[in-house]
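Chain by chain, the residues:
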Amino acid sequence: MEFDFAEEQPKFLMLMYGLIAFVAVVGGLLLLLDVVPAWFARRREAQLVAASASGAPLPRRRKRGEGLFALFFLLPTLLLLTVGLVVPAIRTTLLSFMDAGSTNWVGLRNYGWMFSDDSIVRVLINTLVWVVLVPLVATGFGLIYAVLVDKARFEAVAKSLIFLPMAISFVGASIIWKFVYAYRGDGDQIGLLNQFVVSLGGEPKQWLLESPLNTLLLIVIMVWIQAGFAMVVLSAAIKSIPGDIVEAARLDGVSPWQMFWQITMPSIRPALIVVAVTLTIATLKVFDIVRTATNGNYDTSVIASEMYNQAFRYGQNGQGSALAVFLFILVIPVVIYQIRNLRQQREG
């Protein structure tokens, strides 16, 4: 198959225009971030020099000018938040009260469907299982690993190995684990799990087709990825425990088990909360793993994947929007709790 540059020329032109636009926008922003502060600094310096030469009192900073200066930098962020978050959220909420074609109002019918349809109830149960198990197991593994390798001889190498999956995308990790769960009938197995089962005298299985085991196997992928994040945060918290507290506890003759529960755990409680909340939010929004591994089939779908399927595969805009709104509502309390927790830590 020969490559025809003439036929592909429009695509190259679009790519070139996109690159030019990207360079212009990013370069313009960087230029403004360099020129505008420098201009204000030179202006302020000139005012100070003039006041010093004339013996006049030094000019005070104008709060109005500072407010405009701050607004100048906030405007791009506010614009992006409005266009990328606020407007889509309002539009999705409105669509959730409309029919599949987004033409007629149906009230709360889409939300009633969500809790009455057996397949969607299964989706909600799967999401609950994910939210309960992933933060608990990933945080637990991260904590155990952080405690075990703390001040060990090869601590850096050990931490790098468990943190390595964080460098892999969810899609890449899912493909890797699909090979682990792969099934080849009664012949030679290429899947690591089935090969292990066969070596023990068992029969190979199609692991991702058996519910609810397949959901648990997908959760393993998420835990494998996120345990490194939990380990890094908790390890940093453990190292920040004052040394005099640890030394005093050792002088009192506490056992390692008592040291863990009475010294380590109370000291790293804020970090534990941060890790658990962060993983909970990430788990609520999980999509890539389910989409890549099973496409939501065989009773493995979660809210995010079902939202995509309803809106883009089945053309049910109202039902897909209702799932999106429900997911947003589930995330809000977790975010509020995290904000309150951080505020209490700052005030304390």
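Calculation criteria
- Residue numbering note: each chain is counted from 1, following its sequence as written.
- Per-residue local features of the predicted model are confined to residues with pLDDT of at least 70, and side-chain atom pairs are confined, for both listing and counting, to 80 or more; whole-chain, interface and lining totals are unaffected and use all residues.
- With hydrogens and water set aside, each side-chain value is computed from the structure's full complement of heavy atoms.
- Secondary structure elements follow DSSP: runs of H or I no shorter than four residues count as helices, runs of E no shorter than two count as strands, and numbering proceeds from the N terminus.
- Should any heavy atoms of two residues lie within 4.5 Å, those residues are counted as being in contact.
- Note on geometry: axes are lines fitted to C-alpha atoms, helical ones only across the stretch in contact, with angles between N-to-C directions running from 0 to 180 degrees.
- Should an angle fall under 35 degrees it is taken as roughly parallel, and over 145 as roughly antiparallel, whereas 65 to 115 is taken as roughly perpendicular and any remaining angle as oblique.
- Helix crossings fall into two classes, left-handed where the near helix is turned counterclockwise from the far one by less than a right angle and right-handed where it is turned clockwise.
- In this count, Pro and Cys sit with the nonpolar residues alongside Ala, Val, Leu, Ile, Met, Phe, Trp and Tyr, while Asp, Glu, Lys and Arg are called charged and the others, Gly among them, polar.
- A helix is expected to span 1.5 Å for every residue after the first.
- One axis is fitted to the seven residues ending at the residue and one to the seven starting there. The bend at that residue is the angle between these axes.
- For the exposure calls, accessible area comes from a 1.4 Å probe over protein chains only, and a residue counts as buried if that area is under 20% of its type's maximum, exposed if over 50%, partly exposed in between.
- Any two rings among Phe, Tyr and Trp, with Trp reduced to its six-membered ring, count as a pair given centres within 6.5 Å; such a pair is stacked if its planes are under 30 degrees apart, edge-to-face if over 60, and tilted if neither.
- Nonpolar cores were defined as sets of buried Ala, Val, Leu, Ile, Met, Phe, Trp, Tyr and Cys residues, with membership established by side-chain atoms within 4.5 Å.

> It is not clear to me how the side chain of N126 should be interpreted in this structure. Could you clarify?
Note on placement: N126 falls in helix α4 (residues 118-149). Ignoring any residue separated from it by four or fewer positions in sequence, one finds N126 in contact with T215, D299, T300, S301 and V302.

> Sorry if this is basic, but what is going on with the packing of helix α13 (residues 303-313) against helix α14 (residues 317-347) here?
Helix-helix packing is described using two parameters, namely the angle between the two axes and the distance between the axes. Put simply, α13 and α14 touch, their axes get as near as 7 Å, and they point 160° apart. Considering their axes alone, α13 and α14 lie roughly antiparallel with respect to each other. Of the two possible hands of crossing, α13 and α14 adopt the one that is left-handed. Note on element contacts: α14 touches α13 through N317, Q319, G320, L323, A324, F326, L327 and L330, opposite I303, A304, E306, M307, Q310 and A311. For the contact of α13 with α14, the residue count by class is 9 nonpolar, 4 polar and 1 charged.

> Could you clarify how one ought to interpret helix α8 (residues 213-239) in this entry?
Turn by turn, an α-helix covers 3.6 residues, leaving residues three or four places apart pointing in a common direction. In this model α8 runs 38 Å from its N-terminal to its C-terminal C-alpha over 27 residues, within 8% of the 39 Å that 1.5 Å per residue would give. A bend of about 35° at Q226 is the largest found in α8.

> So what exactly am I meant to see when it comes to the environment of T139 here?
Along the chain, the position of T139 falls in helix α4. Judged by its relative accessible area of 9%, T139 falls in the buried class. When the C-alpha positions of T139 and I273 are compared, they lie 9.7 Å apart, and in sequence the two are 134 residues distant. Contacts of T139, omitting those with residues within four sequence positions, involve V134, A230, L234, L272, V275, A276 and L279.

> Just checking my understanding: could you explain helix α10 (residues 256-267) for this structure?
A rise of 1.5 Å per residue sets the reference length of α10, with its 12 residues, at 16 Å; its end C-alpha atoms lie 15 Å apart and thus fit the reference within 8%. The set of residues buried in α10 consists of M259, F260, I263, T264 and M265. Each element contacted by the buried residues of α10 is listed here: α4, α8, α9 (243-251) and α11 (269-284).

> Looking at this structure, I do not really get the environment of I225. What am I missing?
For I225, the location among the structural elements is in helix α8. Overall, the relative accessible area of 1% leaves I225 in the buried class. Along the chain, I225 and A167 lie 58 residues apart, while their C-alpha atoms are 8.6 Å from each other. Apart from residues lying up to four places away in sequence, I225 is in contact with P165, M166, F170, A173 and I289.

> What's the story with the packing of aromatic side chains in this structure? I'm lost.
Centre distance and the angle of the planes are the two values used to describe a pair of aromatic rings. As enumerated under the stated definition, the model contains 9 aromatic pairs in all. Arranged with centres 5.5 Å apart and planes meeting at 90°, the rings of F115 and F326 form a pair that is edge-to-face. Placement of the pair is F115 in helix α3 (residues 109-116) and F326 in helix α14, with a sequence separation of 211 residues. In textbook terms, an aromatic cluster arises when at least three aromatic residues are bridged by ring pairs, as seen for W177, Y181 and W224.

> Mind showing me how you'd approach the nonpolar core here?
One recurring pattern in soluble globular proteins is that nonpolar side chains are buried together. Formed by 42 residues in total, the largest nonpolar core has its most connected members in W130, L218, I268 and I289. Of all elements in the fold, only α4, α6 (170-180), α8, α9, α10, α11 and α12 (288-293) reach the threshold of two or more residues within this core. If near-sequence neighbours (up to four positions away) are discounted, I268 is found in contact with L143, A237, I238 and I241. Counting 19 residues, the second largest nonpolar core, distinct from the first, contains I120, A304, A322 and V325.

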